[in-house]
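Observations on the three-dimensional arrangement
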Amino acid sequence: MLLQNKNAIIYGAGGSLGGAVATALAGQGAHVFLTGYHLESIKRTASKIEAAGGKVSIDQVDARNEKSVNDHINSVLHTVGSVDISFNAIGWQDTQDIPLTDMALEDFMRPINIALETQFITATAAGRAMKSHKPGVILSLTATPGGIGYANVGGFGPACNGVEGFSRNLASELGPYGIRVVNIRSAGSPDSRPFREALESGGDEVKGFLKKLEDDTMLKQLPLMEDIANTAVFLSSSMAGKITGVTIDVTAGTTSALNYKVTNIAFLKSV
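Fair warning: this is a prediction, and the values are worked out from it, not measured in the lab.

Calculation criteria
Residues numbered from 1 in each chain as written. Predicted model: local features only at pLDDT ≥ 70, side-chain atom pairs only at ≥ 80, totals over all residues. Heavy atoms only, no water. Patch = residues over 30% accessible without salt bridge, like charges linked within 9 Å, V, L, I, M, F, W, Y side chains within 5 Å. Areas by Shrake-Rupley, 256 points an atom, 1.4 Å probe, with all protein chains shown as cover. Salt bridge = Lys/Arg side-chain N within 4 Å of Asp/Glu carboxyl O. Helix = DSSP H or I, 4+ residues; strand = E, 2+ residues; numbered from the N terminus. Buried < 20%, exposed > 50% of the residue type's maximum accessible area, 1.4 Å probe, protein only. Pairing = 2+ DSSP bridges. Right-handed = clockwise from strand over helix to strand, strands pointing away. Polar contact = N/O pair within 3.5 Å; in protein donor to acceptor, adjacent residues only side chain to side chain. Axes fitted to C-alpha atoms, helices over the stretch in contact; angles between N-to-C directions. Parallel < 35°, antiparallel > 145°, perpendicular 65-115°, else oblique. Left-handed = near helix turned anticlockwise from the far one by under 90°. Contact = heavy atoms within 4.5 Å. Nonpolar A, V, L, I, M, F, W, Y, C, P; charged D, E, K, R; others polar.

**Brief notes about a nonpolar patch on the surface**
On the surface, Leu2, Phe234 and Met239 cluster together into a nonpolar patch covering about 270 Å² of accessible area. Secondary-structure assignment places Met239 in the loop between helix H8 (225-236) and strand E7 (247-250). When its relative accessible area of 54% is taken as the criterion, Met239 is described as exposed.

Encoded structure:
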């Protein structure tokens with residue numbers, strides 16, 4: 001197994017994507033420590049992992065509270081001796097589908113504050129633990145607006161930009177200690193809970209939106225949760241041992257307005 005004898009902390013493990021990543025890491029031999037604000041959702045993830053024979057522990061942790069995060073990491077270190085993988089997938093409480101010129105400052109700033117606050121708290125805590133014990137991997141997650149301009153995403157786009165920049169800077173500081181820091185950029189997974197719930201309640205309008213997202217990709221399909229989880233497994237393994245300080249794009253090649261009519265480039269004519 002790729003992650004045998006590795007210990008992984010997952011923040012937001014009760015969410016669909018956090019749970020998928022935790023399950024994939026456990027499936028490759030890691031002992032996963034699931035954390036979240038609400039224990040019931042974490043327990044559901046833990047039950048699936050246990051049923052598959054994986055190693056799992058659960059704890060209630062507030063990923064936006066330094067003491068809560070540090071106390072939990074110290075507990076993990078006391079129990080198993082190392083933190084080898086850290087992945088933060090908590091929600092950012094973003095407001096979207098409102099033009100920036102019409103958006104309230106509070107709604108714009110909320111995802112930026114939450115994203116950078118939780119990433120700083122959890123990633124630096126993991127970095128300190130890894131510096132003191134043994135090197136590991138710190139992973140984060142953003143989405144398409146981190147790489148291109150995207151209308152009507154409010155503060156979510158700048159939040160993605162901030163997390164990606166923070167990940168690069170932290171990687172440059174922790175690299176000399178052998179610690180890798182990598183961000184994963186997704187295009188949104190149609191099998192994740194937010195998309196499933198939107199489809200159930202939004203009908204044809206949501207289907208049309210998903211079709212546009214798919215058409216905006218080079219592969220004409222969106223990444224599933226399994227694709228993100230498999231990427232997290234790879235990045236956590238020794239096979240990615242020289243990858244750090246970058247954002248790995250798992251958007252299926254999303255680019256601005258790819259689904260619009262292709263424009264003829266007049267000055268590139270064959271002779």
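Further notes follow.
**Topic: the pairing of strand E1 (residues 7-11)**
Each regular strand shows side chains that alternate between the opposite faces of the sheet. Extensive coverage of E1 is indicated by the burial of 5 of its 5 residues. Taking every second residue as pointing to the same face, both faces of E1 are buried, with Asn7, Ile9 and Tyr11 on one and Ala8 and Ile10 on the other. By the bridge criterion, 5 bridges tie E1 to strand E2 (residues 31-36) in an arrangement that is parallel. The residue of E2 that forms the bridge with Tyr11 is Thr35. Handedness of the E1-helix H1 (residues 16-27)-E2 crossover: right-handed.

**Details of the side chain of Ser140**
Mapping Ser140 onto the fold places it in strand E5 (residues 137-143). The class for Ser140 is buried, based on a relative accessible area of 4%. A distance of 2.8 Å separates polar atoms of two side chains, one belonging to Ser140 and the other to Asn183.

**Observations concerning the sheet that holds E1**
With parallel pairing, 7 strands are arranged side by side in an open sheet as E3-E2-E1-E4-E5-E6-E7. Where the open sheet ends on each side, the last strands, each with one partner, are strand E3 (55-60) and E7. Strand-to-strand twist across the sheet, computed as the mean angle between neighbouring axes with direction ignored, equals 20 degrees. Where E1 lies against strand E4 (residues 85-88), 4 bridges are found, and the strand directions are parallel.

**Structural notes on the packing of helix H3 (residues 66-80) against helix H4 (residues 105-132)**
A pair of packed helices is captured by two measures, namely the crossing angle of their axes and the spacing between those axes. Orientation of H3 relative to H4, taken along the N-to-C sense of each, is 30 degrees, at an axis distance of 10 Å. Between H3 and H4, the crossing angle belongs to the class labelled roughly parallel. Taken as a pair, H3 and H4 cross one another with a handedness that is right-handed. Here Glu66, Val69, Asn70, Ile73 and Leu77 of H3 come into contact with H4, specifically with Ile121, Thr122, Ala125, Ala126, Arg128 and Ala129. For the contact of H3 with H4, a count of residues per class yields 7 nonpolar, 2 polar and 2 charged.

**Remarks on the environment of Gln4**
Topologically, Gln4 is positioned in the segment before E1. For Gln4 and Ala30, which are 26 residues apart along the polypeptide, the C-alpha to C-alpha distance reads 5.5 Å. The contacts of Gln4, once residues within four sequence positions are left out, are Gln28 and Gly29.

**Notes on the pattern of salt bridges**
In total, this model carries 9 salt bridges according to the counting rule given. In this structure, Glu40 and Lys43 form a salt bridge, with 3.8 Å as the shortest nitrogen-oxygen distance. Here Glu40 and its partner Lys43 are both found in helix H2 (residues 39-51), 3 residues apart, which amounts to about one turn of the helix. Exposure remark for Glu40: the relative accessible area of 53% places this residue in the exposed category. Among the ionic pairs, Asp216 bridges to Lys212, the shortest N-O distance being 2.7 Å. The network of salt bridges with shared partners includes Glu164, Arg185 and Asp249.

These figures come from the coordinates and say nothing about function on their own.
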